Amino acid sequence: MGRRSILVAAGWVATVAVATLIGLGAIRLVGESLTGTPGGVRSEAEIERALASPEPVPTGTTGTASVGPGTTSPAPSASSGVRRGFATDGGTAVAECGAGGVRLVSWAPAQGYRVRDVDRGPDDDVEVTFQGPTREYELKVRCIGSEPVAVADD
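Cut-off values and rules
- Residues numbered from 1 in each chain as written.
- Predicted model: local features only at pLDDT ≥ 70, side-chain atom pairs only at ≥ 80, totals over all residues.
- Heavy atoms only, no water.
- Helix = DSSP H or I, 4+ residues; strand = E, 2+ residues; numbered from the N terminus.
- Buried < 20%, exposed > 50% of the residue type's maximum accessible area, 1.4 Å probe, protein only.
- Contact = heavy atoms within 4.5 Å.
- Areas by Shrake-Rupley, 256 points an atom, 1.4 Å probe, with all protein chains shown as cover.
- Pairing = 2+ DSSP bridges.

J.: I'd love a proper account of the overall build of the chain, names of residues and values included.
T.: From N to C terminus, the chain includes three helices and seven strands. The secondary structure elements of the chain, listed N-terminal to C-terminal, are α-α-α-β-β-β-β-β-β-β. Residues counted as buried form 24% of the 154 residues belonging to the chain. Once local pairs closer than 6 in sequence are excluded, the contacts in the chain between residues at least 24 apart make up 35%. A total accessible area of about 10300 Å² is found for the chain, and carbon and sulfur atoms account for 58% of it.

J.: Tell me about the side chain of T129, and name the residues and values.
T.: Take T129: it is sitting in strand β5 (residues 125-131). Owing to a relative accessible area of 1%, T129 belongs among the buried residues under this scheme. Once you skip the residues sitting within four places of it in the chain, T129 turns out to touch R114, V115, R116, D117, E136, Y137 and E138.

J.: Outline the pairing of strand β2 (residues 91-98), supporting the account with residue identities and numerical values.
T.: Counting buried residues along β2, six of its eight residues qualify, which places the element largely inside the surrounding structure. Alignment of strand β1 (residues 83-88) against β2, held across six bridges, turns out to be antiparallel. Counterpart to F86 in the pairing with β2 is A93. Following β1, the chain reverses through two residues before pairing antiparallel with β2. Between β2 and strand β3 (residues 101-109), which follow one another and run antiparallel, lie two residues.

Below, the structure is given as structure tokens:
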């Protein structure tokens, strides 16, 4: 009787181990498709190259949805100005210098923040304000030469 109990226990442990491994594999596959970064995680160098390219930078859905009803993201311009990305704890934005001045190409609030106000330009300076539950971040950008630069409030 003791030998049979050991075999039953060993079979049960083996079955549980196999079921656990199969479950973990399934969770990993489903989890990556739900929470993974589309196209994989990008390196800092890849992001710099993407921001420096003259191609339009896509605006994330959070950037357009947070602006307000009836608004859309800015239309890509024919300008081949210099683009640069900026980040605050409240969110990120991409700005471009061109013939009409500086303009915001795209913006997206960080998790827990929303876009409270946007002045997308083109103008001498542009700004986006990210509002959080306890703090507000304002990002103001101007062109210095032909390059977008974040500036402190006057």
